[in-house]
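Listed here are the chains, written in short residue letters.
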Amino acid sequence: MKHHALRRSAAMLIAAVMLLSNHRSAGAATVANLGCEHLTNPLGIDAEKPRLSWIMADSGWGPAARSQKQSAYQILVASSTELLRQDQGDCWDSGKVASDQNIQVEYQGQPLASRMQYYWKVRVWDQAGKASAWSQPARWTMGLLHATDWRAKWIGLDDSAKSSLGTAPAGQPTQDARRLPARWLRKEFTASRQVKRATAYYSGLGLSELYVNGQKAGDEVLSPGLTDYTKHIFYITRDVTQMIHAGRNAVGVILGNGRFYAPRTGTPTATQNYGFPKLCLQLEVEYTDGTGDEIVSDASWKLTTAGPIQANNEYDGEQYDARLEMPGWDQAGFDDANWAPAQSVAAPGGKLVAQMMEPIRVTGTLKPIAITEPKPGVFVFDMGQNMVGWCRLQVRGPVGRAISLRHAERLKPDGTLYTDNLRSAKATDTYTLKGVGREIYEPRFTYHGFRYVEVTGFPGQPTLASLEGRIVNDDVATAGEFACSQPTVNRTYRNVVWGVRGNYRSLPTDCPQRDERQGWLGDRSAESRGESYLFNIAALYANWVRDMADSQKENGSLSDVCPAYWPFYSDNVTWPSSAVIIPGTLLDQYADTVVVARQYPCMVKWIDHMSGFIKDGIIAKDSYGDWCVPPENAKLIHSKDPARKTAPEILATGYFYHCLKLMVRYATLLDKPDDAARFESLAGQLKAALNGKFYHPEEGYYGNGSQTACVLPLAFDLVPEAERGRVFNHLVEKITGETKGHVGTGLIGGQWSNRVLTDGGRADLVYGFATNTTYPSWGYMAKQGATTVWELWNGDTADPAMNSGNHVMLVGDFIIWLYEKVAGIQGDPTTVGFKRILIKPTLVGDLTWVKAHYDSPSGRIVSNWKRERNTLTMEITIPANTTATVFVPAKDAARVSESGKPAAQAESVKFLRMENNAAVYAVGSGSYRFQSTILESVK
Ligand code: BGC
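Scoring rules and cut-offs
- Residues numbered from 1 in each chain as written.
- Predicted model: local features only at pLDDT ≥ 70, side-chain atom pairs only at ≥ 80, totals over all residues.
- Heavy atoms only, no water.
- Helix = DSSP H or I, 4+ residues; strand = E, 2+ residues; numbered from the N terminus.
- Rg over C-alpha atoms; globule rule 2.2 N^0.38 Å.
- Buried < 20%, exposed > 50% of the residue type's maximum accessible area, 1.4 Å probe, protein only.
- Areas by Shrake-Rupley, 256 points an atom, 1.4 Å probe, with all protein chains shown as cover.
- Disulfide = S-S within 2.5 Å.
- Pairing = 2+ DSSP bridges.
- Core = buried A, V, L, I, M, F, W, Y, C linked by side-chain atoms within 4.5 Å.
- Axes fitted to C-alpha atoms, helices over the stretch in contact; angles between N-to-C directions.
- Parallel < 35°, antiparallel > 145°, perpendicular 65-115°, else oblique.
- Left-handed = near helix turned anticlockwise from the far one by under 90°.
- Contact = heavy atoms within 4.5 Å.
- Nonpolar A, V, L, I, M, F, W, Y, C, P; charged D, E, K, R; others polar.
- Polar contact = N/O pair within 3.5 Å; in protein donor to acceptor, adjacent residues only side chain to side chain.
- Near = heavy atom within 4 Å.
- pLDDT = per-residue confidence, 0-100.
- Salt bridge = Lys/Arg side-chain N within 4 Å of Asp/Glu carboxyl O.

Scanning the protein for helices and strands turns up 16 helices and 47 strands. Scaling as 2.2 N^0.38, a compact globule of 939 residues should have a C-alpha radius of gyration of about 30 Å, and the protein matches this with 29 Å. Along the longest, intermediate and shortest principal axes, the C-alpha atoms of the protein span 85 × 70 × 55 Å. A total of 939 residues make up the protein; the buried ones form 63% of that total. Element-wise, carbon and sulfur atoms account for 51% of the exposed surface of the protein, whose accessible area totals about 33,400 Å².

Here's what the structure looks like:
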């Protein structure tokens, strides 16, 4: 995580320098974590009214102090650090605003202009009207807001014949036909005066790296993020001031294929092909005398494909021949006489927009734990962890020697790689040595999901130091931690964390290893809420829902995969419903109303389109069933177990009902009462029809009574009140009888079941799911050696082509359960963005302790509890400017203490009521230590 530390210390340095020159009153800073559009000091944004946020920090009067509240704030936004230092907000001075809002505060100042830099700070007043010091300054810059700002042209080479590997015979796509050589582009220019500021705005598609005067600019990899390039194209803004000097300069870009050139051919489905890689770049140099120069991509640039990256494809790997390296290609004075002029090429069609989310970076390095040699000269490295990224190879050897690195998640019994589950992805990187000293290689334009690496062609005997695993994913901040006294639960938690972050590839993918890696909507519907406790996904998911809108057809239909690289317009309900469900997650977890408003037209259009399939109050459109439900016989394919099947009408009508209820909420929020009434009335019709046609009052269940057929109506509040108990009991009987305490739901039911059971008073059953180590369970996977979560509950015994070792969909609502139910950290549903918090732990099974925290938008929430015989201790922290309702499990409120005092007398603690064997308190911010006597003691 070295670069994290570097970045952090660089940021601290900037802050310190800014602080030194900032005359401010003595005392600790009290406002911190300034954010803009969910990001820290972002460059090149294009939001017209960026949303600002901050937290009241814990030094001085933050969470450690009780009942801290913001009563007012003042924001200053200035066009220079100088003005900001003088407390002059020439762009915006909000004045003192009486408000407790500290997140999603919209900029309300002068219109923001392309390229401008904005510096800002904020101060707050507490509940007693006492002002804090000004925060440390933060900044953002604007990108290019108008199409007319772009004078750069798209350039590239629309030709595969230039591939040194040749093209495939007509009609016969081969691996090599998918693997174009990288395009290397360069341009020299003279900076005629002293440089004040230099900024590169660029988009190199599919993937690109920018080099200036011999150095890579920026630390992101696999950039820019994925989009449907005919709709939106991300550009990157990079400050290169320090890299440009007066005199001759050179700028270079390497272009890789990414999802651009022939990402996959016909298998397993026709994939959207965007043609050949291309570049649009505008480097704007401002001189200290107020003049400037602009270097833009055009036909004056030079291009070659004869560089060392002879072939690259995200799925298949990279082929690098170090003999072809071109030292100095990105520096002035390089002889590019045998490079060709770049071609002017057609624009991809989409609108250039700022990439307003964390880039992908190398976020860590793993050392292998073992090497074996299952066959002479075939070495297999074990990374000890199913990871996502690539390897860094270190080697000495003769010129021309080719070393091949093949990646896989599993081994065959003979110790060689098992690659059936990669389908057609070759996942192979090849390095050809130049034969000079110690050579270090890591690929750029590919990534793999793997635990094992097969190395062939290595000169001599490799050692553990020959290879390292480089972890590559969206560099999203960790949001929470959870640990408890039960090792199987902790193990699964870690497996989930690895799987979730490995599947962030500028969008949440289904899997990182096989020839798929797509943004399948269904996998993340409710599950995304769980992810929000692991990582800050506000920007990532806000972007992904835009991909959903981009995929929408004129008639309202949404693709099951977004961006629609795989155009699956099957008009089922469950998968596309993520387009309605996920904005709700962003609203709940981050108070993001802007995303709801932005997505609203797309949601309405989809709802209206799908409503056309409703017949007599029932919608039966379903494509995938309760995907990957565990079959009783573990050898069976999941869809072949009739008892576990849930009727399409129940899945689709249930989900559509849930979506309609969410639409009512959004319409109300956006002040569209007519829409709200329309959705409410349609929802009512669906509810009546589902109960009329699928509920069996004699049996007390829906459809065939599968677990999911009980879970959904309970989760979505479709069951008539008087019948809830019976449906719940049926679910419990199924779990204890048919599945003997094991999971009996697939991707759909599993996203709700743990909460339904817990809310119904049977958290013990969920605890059983979580601690089982027999099939089917997460613990079973871990026992078989899984270090991530499998695609199939029976991933070891079923269809080999469908057993990704790193899928997140079967996580279901397990992470939500751990945070919201077991640790009991939850946003109060009467507010959004954790303005009010619920702390409501569930003491379950033989758990003796839990430690959890979550970095909410207003600051860290902590919930630790431990049980010793019949004494419960709860240590909780509530961030400043929020309040909480705390449920302390207790026999008797009179015996509850807080920090040693009777709770009723404690500062900032107000007893509300007894409820279900818990004493309920209203508390303000601060740290609390509750102790109580509980009914049940643990053994
Ligand atoms: C993907 C899943 C996806 C499913 C839908 C699979 O191939 O890996 O994650 O949801 O197809 O059918």
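Attention now moves to the state of the cysteines. Taken as a whole, this structure holds 0 disulfides when the rule is applied. Summary of cysteine pairing: Cys391 is not part of a disulfide, and the nearest cysteine sulfur, belonging to Cys511, is at 19 Å.

This part is about the sheet that holds strand 12 (residues 207–212). With antiparallel pairing, the 6 strands of this open sheet are ordered in space as 13-12-15-10-18-21. Of all strands in the sheet, those with a lone pairing partner are strand 13 (215–216) and strand 21 (340–341), marking the two edges. Two elements, strand 10 (residues 183–191) and strand 15 (residues 247–256), share 9 bridges in a ladder whose sense is antiparallel. In the sheet register, Ala191 faces strand 15, and the bridge partner there is Gly247.

Residues Trp54, Ile75, Trp120, Trp140, Phe482, Phe656 and Phe930 are the most contacted members of the largest nonpolar core, which totals 200 residues. A per-element tally of this core places helix 9 (residues 648–669) first, with 13 residues. Judged by nonpolar contacts, the second largest core, of 41 residues, contains Tyr211, Ile309, Tyr441 and Phe450.

It is worth spelling out helix 16 (residues 814–823) at this point. With 10 of its 10 residues buried, helix 16 lies for the most part within the structure. Listed as buried for helix 16 are Phe814, Ile815, Ile816, Trp817, Leu818, Tyr819, Glu820, Lys821, Val822 and Ala823. Downstream of helix 16 by a residue or two, Gly824 has a phi angle that is positive, lying close to 80°.

Glancing now at the packing of helix 7 (residues 578–590) against helix 8 (residues 593–611). Where helix 7 contacts helix 8, the two axes come as close as 9 Å, and the packing angle between them is 165°. Judged on the interaxial angle alone, helix 8 and helix 7 are roughly antiparallel. The element helix 7 and its partner helix 8 pack so that their crossing is left-handed. Side by side, helix 7 and helix 8 meet where Ala579, Val580, Pro583, Leu586 and Leu587 of the first sit next to Thr593, Val595, Val596, Gln599, Met603 and Trp606 of the second. Here the residues of the contact of helix 7 with helix 8 sort into 9 nonpolar, 2 polar and no charged.

A few words now on the side chain of Asn473. Here Asn473 is to be found in strand 33 (residues 467–474). A distance of 2.8 Å separates the side chain of Asn473 from the side chain of Thr363, its partner in a polar contact. Discounting chain neighbours no more than four positions away, the residues touching Asn473 are Pro359, Ile360, Arg361, Thr363, Arg501 and Tyr504.

Within a beta sheet, neighbouring strands are joined by backbone hydrogen bonds and run either parallel or antiparallel to one another. Judged by pairing direction, the sheet is antiparallel, and its 3 strands sit side by side in the order 1-2-6 without closing on themselves. Each edge of the open sheet carries a strand with a single partner, namely strand 1 (31–36) and strand 6 (105–106). Relative to strand 6, strand 2 (residues 51–56) is paired through 2 bridges, and the arrangement is antiparallel. Directly across from Leu52, in strand 6, lies its bridge partner Val105.

Close contacts around the ligand come from Asp510, Arg514, Glu516, Trp520, Asp523, Trp575, Tyr624, Trp627, Glu791, His807 and Met809, and that covers them all. Within the contact set of the ligand, an oxygen atom lies 2.4 Å away from a side-chain nitrogen or oxygen of Asp523. His807 is positioned such that a nitrogen or oxygen atom in its side chain is 2.8 Å from an oxygen atom of the ligand. Starting from 310 Å² of accessible surface for the ligand in isolation, the protein chains cover 94%. The residue makeup of the shell around the ligand, split by class, is 5 nonpolar, 1 polar and 5 charged.

Within the secondary structure layout, Ser858 lies in the loop between strand 39 (849–856) and strand 40 (859–868). Residue Ser858 is classed as buried on the basis of its relative accessible area of 2%. Separated by 3.3 Å, the side chains of Ser858 and Asn102 make a polar contact. Setting aside residues no more than four positions away along its own chain, Ser858 makes contact with Ile55, Asn102, Ile103, Pro879, Ala880 and Thr882.

So, on to the confidence of the model for the protein. Put simply, the protein has an average pLDDT of 93, and 94% of its residues get 70 or more. With pLDDT under 50 throughout, residues 1–29 is counted as low confidence; its partners more than four residues away or in other chains account for 31 contacts. pLDDT under 50 marks residues 163–175. Its contacts with residues more than four places away, or in other chains, come to 17 contacts.

Let us now look at the packing of helix 8 against helix 10 (residues 673–694). Where helix 8 contacts helix 10, the two axes come as close as 13 Å, and the packing angle between them is 35°. Both helix 8 and helix 10 take part in a crossing whose hand is left-handed. Residues Tyr600, Val604, Ile607, Asp608 and Ser611 of helix 8 lie in contact with helix 10, whose contacting residues are Asp675, Arg678, Phe679 and Leu682. For the contact of helix 8 with helix 10, the residue count by class is 5 nonpolar, 1 polar and 3 charged.

A few words now on the pattern of salt bridges. Applying the stated criterion across every chain, the model contains 54 salt bridges. Residue Lys821 is joined to Asp759 by a salt bridge in which the shortest nitrogen-to-oxygen separation is 2.8 Å. Of this pair, Lys821 sits in helix 16 while Asp759 sits in helix 13 (residues 753–759); the two residues are 62 residues apart in sequence, bridging distant segments of the chain. Shared partners join several salt bridges into a network, and the residues in it are Arg186, Glu188, Arg248, Lys302 and Asp336.

Quick look at the pairing of strand 14 (residues 232–239) now. By the criterion of burial, strand 14 is predominantly enclosed, with 7 of the 8 residues buried. As judged from the 4 bridges shared by strand 11 (residues 195–205) and strand 14, these two strands associate in the antiparallel manner. Residue pairing in the sheet places Tyr202 in a bridge with Ile236 of strand 14. Strand direction decides the pairing type here: strand 14 and strand 23 (residues 351–354), joined by 4 bridges, are parallel. Among the inter-strand pairings, Phe234 is bridged to a residue of strand 23, identified as Val353.

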